[in-house]
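What follows is the residue order along each chain.
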Amino acid sequence: MSEKVDNVQIEPSWKAVLADEFQQPYFTAIKTFLVEERRAGKTIYPPGPLIFNAFNHTPFDKVKVVILGQDPYHNPGEAMGLCFSVPKGVRVPPSLVNIYKEIKSDLDLPIPNHGDLTAWADQGVLLLNAMLTVEANKPASHQKIGWQTFTDAVIRRISDQKDGVIFLLWGRFAQGKKALIDEMRHYVLEAAHPSPLAGDAFSGCRHFSRTNELLEKQGKTPIDWSL
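The sections below set out a description of the structure shown in this document. (Residues numbered from 1 in each chain as written. Predicted model: local features only at pLDDT ≥ 70, side-chain atom pairs only at ≥ 80, totals over all residues. Heavy atoms only, no water.)

Things to note about the overall build of the chain
The test is simple: Numbering of helices and strands runs from the N terminus, with a helix taken as a DSSP run of H or I at least four residues long and a strand as a DSSP run of E at least two residues long. As defined in this context, the radius of gyration uses C-alpha atoms, and a globule is described by 2.2 Å times the residue total to the power 0.38. Relative accessibility under 20% of the residue-type maximum defines a buried residue, over 50% an exposed one, and the middle range a partly exposed one, all with a 1.4 Å probe and only protein chains included. Note on contacts: a residue pair is in contact if any heavy atoms of the two residues lie within 4.5 Å. In this description, accessible areas are obtained by the Shrake-Rupley approach with a 1.4 Å probe, and a residue is regarded as covered only by the protein chains that are shown.
The secondary structure content of the chain amounts to 9 helices and 8 strands. Its C-alpha radius of gyration of 17 Å places the chain within 12% of the 17 Å reference for a compact globule of 227 residues. With 227 residues in all, the chain has 52% of them scored as buried. Contacts spanning at least 24 positions in sequence make up 66% of the contacts within the chain whose residues lie at least 6 apart. For the chain, the computed accessible surface area is about 10,500 Å², with 50% contributed by carbon and sulfur atoms.

Shown next as structure tokens:
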């Protein structure tokens, strides 16, 4: 069951781990900004109850893998609080199409007919965007409102308080977060971004089989990447 942080639900283990962050002036400023934007009639994605969806599906003690995204999808009905994921019935975005192709090539799993990655989150894959909100039709519009301070703190808490987590850093933006991770305690796998803009550079990274090998080496249950 989730607890509320000023009308936003967040899972209790994360609420405890991040308690200091919720008291910081920057976090109050984020909340104030979002309230004022909505009052001004602007549409913000994802909807309020889904802002902390990644945390609610992947409690702190269950985190085994972290996939880092940038900011939520900015088109109607797409953002659901899990990076790269869209609800069932929504067209699968191009980056996720390439992720699915790599899983097919790497593990010979069938390509799903939807883009909902909740099943990964429920197995311990934290699908974390660096920015947790965006204004409709304006990509990266909330890049400077304080979310990166918060999500950098999330990465640091995982790095400091857990062991053997596998971080998948795809593209330059995600790789820029590597400095927050203690590589003596954790595993960092890097690849090009799966976006078609990177050509086929993501293809062949084999991050999904490599992740499972690293989990099994630690005696942890591998991720079932099929959907």
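Moving on from the coordinates now.
So, the packing of helix H5 (residues 94-107) against helix H9 (residues 207-217)
Formally: Axes here mean lines fitted to C-alpha atoms, for a helix over just the part in contact, with angles spanning 0 to 180 degrees between N-to-C directions. Angle categories are assigned with fixed cut-offs, so that under 35 degrees is roughly parallel, over 145 is roughly antiparallel, 65 to 115 is roughly perpendicular, and the rest are oblique. Three classes are used: nonpolar for Ala, Val, Leu, Ile, Met, Phe, Trp, Tyr, Cys and Pro, charged for Asp, Glu, Lys and Arg, and polar for all others, with Gly counted as polar.
Axis separation between H5 and H9 bottoms out at 8 Å; the angle between their running directions is 60°. The orientation of H5 relative to H9 falls into the category oblique. From H5, Ile99, Glu102, Ile103, Asp106 and Leu107 reach across to H9, where they touch His207, Phe208 and Ser209. A breakdown of the residues in the contact of H5 with H9 according to their chemical character gives 4 nonpolar, 2 polar and 2 charged.

Points about the environment of lysine 138
For lysine 138, the location among the structural elements is in the loop between strand E6 (134-135) and helix H7 (147-161). Here lysine 138 falls in the partly exposed class, since its relative accessible area comes to 43%. In the structure, lysine 138 is positioned 94 residues away from isoleucine 44 in sequence and 9.9 Å away in space, judged by C-alpha atoms.

Some thoughts on the environment of threonine 221
Inspection of the secondary structure assignment puts threonine 221 in the segment after H9. Given a relative accessible area of 56%, threonine 221 falls into the exposed group. In the structure, threonine 221 is positioned 83 residues away from lysine 138 in sequence and 39 Å away in space, judged by C-alpha atoms. For threonine 221, the contacting residues outside a window of four places in its chain are Lys64 and Leu215.

Comments concerning the packing of helix H3 (residues 25-39) against H7
To keep it simple, the criterion reads: Less than a right angle of anticlockwise turn of the near helix away from the far helix marks a crossing as left-handed, whereas a clockwise turn marks it as right-handed.
Look at H3 against H7: their axes get within 9 Å of each other, and the N-to-C directions meet at 130°. Taken together, the axes of H3 and H7 lie oblique to each other. Seen along the crossing, H3 lies across H7 with a hand that is left-handed. For the pair H3 and H7, contact is made by Tyr26, Phe27, Ile30 and Leu34 and by Trp147, Thr149 and Phe150, respectively. Here the residues of the contact of H3 with H7 sort into 6 nonpolar, 1 polar and no charged.

Observations concerning the packing of aromatic side chains
Going by this rule: Two rings belonging to Phe, Tyr or Trp (six-membered ring only in the last case) form a pair when the distance between their centres is within 6.5 Å. Interplanar angles under 30 degrees mark stacking, angles over 60 mark edge-to-face geometry, and anything in between is tilted. In this scheme, the term charge over a ring applies when either NZ of a lysine or CZ of an arginine sits within 6 Å of the ring centre and within 35 degrees of the ring normal.
Per the stated rule, a full pass over the model turns up 19 aromatic pairs. Centre to centre, the rings of phenylalanine 84 and tryptophan 170 are 5.6 Å apart; their planes meet at 55°, and the pair counts as tilted. Of this pair, phenylalanine 84 sits in the loop between strand E4 (65-69) and H5 while tryptophan 170 sits in strand E7 (residues 166-170); the two residues are 86 residues apart in sequence, bridging distant segments of the chain. Across the pair, exposure class does not vary: phenylalanine 84 and tryptophan 170 are buried alike. In this arrangement the basic side chain of lysine 162 is found over the ring face of phenylalanine 60, its NZ or CZ atom lying 5.2 Å from the centre.

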